[in-house]
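What follows is each chain in one-letter form.
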Amino acid sequence: MLLQLLCLCAAFLNVANARSRRTSCQSKCPPFANGDLVIESYQLYPENADFDLHDCLLYIGALYNASVVVYDPYKAETVATLEFPGFTRTRPFHVGGVAWDPFTNLISILIDSAVPHETPDHQISGDDFILRYDPAKQEMVWSLNITEVSQGRYGGQQDVEHDARGHVYVLGTYPGTILRVEPDGSSIKPWYLPEVIDHTYNGITGFAATGEILLACDPKNNTGGGEIVKFDMTADQGTPVVVPRTPNEPIMSLDAVYLPPKYGGTVLLVSEHDRGVSVLRSADGKWDTAEYLGRISDYASLSEGAVNTATVEVSGVIYTVDEWFTDPLVNGTSAGNRTEFPLVDITSRIEELLAAAP
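Throughout what follows, the structure given in this document is the object of discussion.

Criteria and thresholds
- Residues numbered from 1 in each chain as written.
- Predicted model: local features only at pLDDT ≥ 70, side-chain atom pairs only at ≥ 80, totals over all residues.
- Heavy atoms only, no water.
- Buried < 20%, exposed > 50% of the residue type's maximum accessible area, 1.4 Å probe, protein only.
- Helix = DSSP H or I, 4+ residues; strand = E, 2+ residues; numbered from the N terminus.
- Arc of directions from axis to C-beta.
- Core = buried A, V, L, I, M, F, W, Y, C linked by side-chain atoms within 4.5 Å.
- Contact = heavy atoms within 4.5 Å.
- Pairing = 2+ DSSP bridges.
- Disulfide = S-S within 2.5 Å.
- Axes fitted to C-alpha atoms, helices over the stretch in contact; angles between N-to-C directions.

1. Some points on helix α5 (residues 347–356)
Every α-helix winds through 3.6 residues per turn, so residues three or four apart in the chain are directed the same way.
Phase 1 of the analysis: Listed in full, the buried residues belonging to α5 are T347, I350, L353 and L354. Buried residues of α5, viewed axially, fall in a sector of 130°; they line one side. Opposite the buried face of α5, at more than 90 degrees from it, the exposed residues are E352, A355 and A356.

Have a look at this one:
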């Protein structure tokens, strides 16, 4: 594994189907109003996605193939696929968390072991890595082995966030941990660990940042009493504070949470697998309390057997990111044979809930 990491740092990432990319500075992408999208990409199986507001490209984690698909929504085409030597199409690796860093224009990518997610007791086995990729130079900036810090005690890495000081935050679900990377990538350290380290426990599953606030969803070991908690990113160590919501409707089967940029940090979308997407609001953006506005649960992908794992905004339009976990595997691969992956436009549904709120 050390050899793989060294190769990953030294070798140029394989970029398949690469075409010329926009490198001019762009602070605002053109408006996008194309409605539902269908991305044609064999074995994409997206777990997470983020829109790069600098280059106006959508970065999508291809979960099972452990690669990243770069999609131009304006042209409706894949412009590149980032592959990682020793990891892509190699078990047990996944790519779960993918996020554009608005402070540096770099892309943070989590390559994680599938074992904790695929075993009933969430066995901690295999190595996890956090990578920083420079789209302008099309090269790796740095990479770190998370397992050297976790020592196999906790894992299930699946989300990544950033702050204005250059830190990168890495979320692990079993039992719910947050690690913080120094801005230069020189080290990664625990920032929040629960009092009891029990990898069989299902803890925080996703987080999203606004200003100095880091919001996270905690399914409470799938007890049906999930909570939203917040952290202060200026603190040396993270301390979760529960965000009370009114009404206290249940949120469960949690995955990612997302703060659509168009709402300036006041609206939180909570992905709840087969239950759809819950919409919460903090009118002042401080998230001391939240209003529960409702849940979007009746769109096509869910009725066809998908589950909602994330949401993403593309220049004003908000989409579901849905996953098909139960597709039969293609022999010799770790993914199914699906080629078309819809992103469903739920913008109007969110607007309806906001308009109906007091």
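2. Remarks on the nonpolar core
Phase 1 of the analysis: In terms of nonpolar packing, the biggest core is built from 45 residues, with L58, L269, V279, Y319 and I350 touching the most fellow members.
Phase 2 of the analysis: Once you skip the residues sitting within four places of it in the chain, L58 turns out to touch A49, D50, F51, V69, V70, Y71, P73, V312, V314 and L343.

3. Structural notes on the pairing of strand β25 (residues 317–323)
Phase 1 of the analysis: Among the seven residues that make up β25, seven are buried, leaving the element largely enclosed by the rest of the structure.
Phase 2 of the analysis: Here β25 shows a buried face lined by V317, Y319, V321 and E323 and a second buried face lined by I318, T320 and D322.
Phase 3 of the analysis: Pairing of strand β24 (residues 307–314) with β25, which is carried by seven bridges, proceeds in the antiparallel orientation. Its bridge partner being in β25, V312 is matched across the sheet by Y319.
Phase 4 of the analysis: Between β24 and the antiparallel strand that follows it, β25, lie two residues; S315 among them carries a positive phi value of about 50°.

4. Digging into the state of the cysteines
Phase 1 of the analysis: This model, assessed by the stated rule, comprises one disulfide.
Phase 2 of the analysis: Between the sulfur atoms of C29 and its disulfide mate C56 the distance is 2.1 Å. For the disulfide bridge between C29 and C56, the dihedral angle about the S-S bond is near -105°, and by the sign convention the bridge is left-handed. You can see C29 sitting in the loop between β1 (14–16) and β2 (37–40) and its partner C56 sitting in the loop between β3 (46–52) and β4 (57–62), a full 27 residues away along the chain.
Phase 3 of the analysis: The exposure class assigned to C29 is buried, which follows from its relative accessible area of 5%.
Phase 4 of the analysis: Note on C56: relative accessible area 0%, which makes it buried.

5. Comments concerning the sheet that holds strand β19 (residues 245–246)
Phase 1 of the analysis: Here five strands make up an open sheet; going across it, the order is β19-β23-β22-β21-β20 and the pairing mixed. Each end of this open sheet is capped by a strand with a single partner; those strands are β19 and β20 (257–258).
Phase 2 of the analysis: Sitting on the sheet, α5 is in contact with β21 (267–271), β22 (277–281) and β23 (290–296), with an inclination near 140° to β23.

6. A look at the side chain of N202
Phase 1 of the analysis: Tracing the sequence through the fold places N202 in the loop between β14 (188–192) and β15 (206–210).
Phase 2 of the analysis: Taking the relative accessible area as the measure of exposure, N202 reaches 11% and is therefore buried.

7. As for the environment of L280
Phase 1 of the analysis: Among the secondary structure elements, L280 is positioned in strand β22.
Phase 2 of the analysis: Counting along the chain gives 239 residues from L280 to S41, while the straight-line C-alpha distance between them is 32 Å.
Phase 3 of the analysis: Each residue touching L280, except ones within four places of it in the same chain, is listed here: I228, R245, T266, V267, L268, V270, W287, A290, E291 and Y292.

8. Focus on the environment of E291
Phase 1 of the analysis: Secondary-structure assignment places E291 in strand β23.
Phase 2 of the analysis: Residue class for E291 comes out partly exposed when judged on its relative accessible area of 23%.
Phase 3 of the analysis: In the structure, E291 is positioned 24 residues away from V267 in sequence and 9.5 Å away in space, judged by C-alpha atoms.
Phase 4 of the analysis: The contacts of E291, once residues within four sequence positions are left out, are T246, V279, L280, R281, A283 and P358.

9. Points about the sheet that holds β14
Phase 1 of the analysis: Taken together, four strands build an open sheet; the order of strands is β11-β12-β13-β14 and the sheet is antiparallel. With one partner strand each, in any of the chains shown, β11 (155–162) and β14 form the two edges of the open sheet. Ignoring which end each strand starts from, the neighbouring axes of this sheet average 30° apart.

10. Some remarks on unusual backbone geometry
Phase 1 of the analysis: Here the bond from R91 into P92 is cis, since omega is 10°, no more than 30 degrees from zero.
Phase 2 of the analysis: Within the secondary structure, P92 is located in the loop between β6 (77–83) and β7 (93–100).
Phase 3 of the analysis: The amide bond that connects T246 to the next residue, P247, takes the cis arrangement and shows omega of -10°.
Phase 4 of the analysis: By the secondary structure assignment, P247 is in the loop between β19 and β20.
Phase 5 of the analysis: Phi angles above zero are rare outside glycine, and C56 is one such case at about 60°.
Phase 6 of the analysis: The phi torsion at Q151 lies on the positive side, around 55°, for a residue other than glycine.
Phase 7 of the analysis: Here Q151 lies in the loop between α3 (147–150) and β11.

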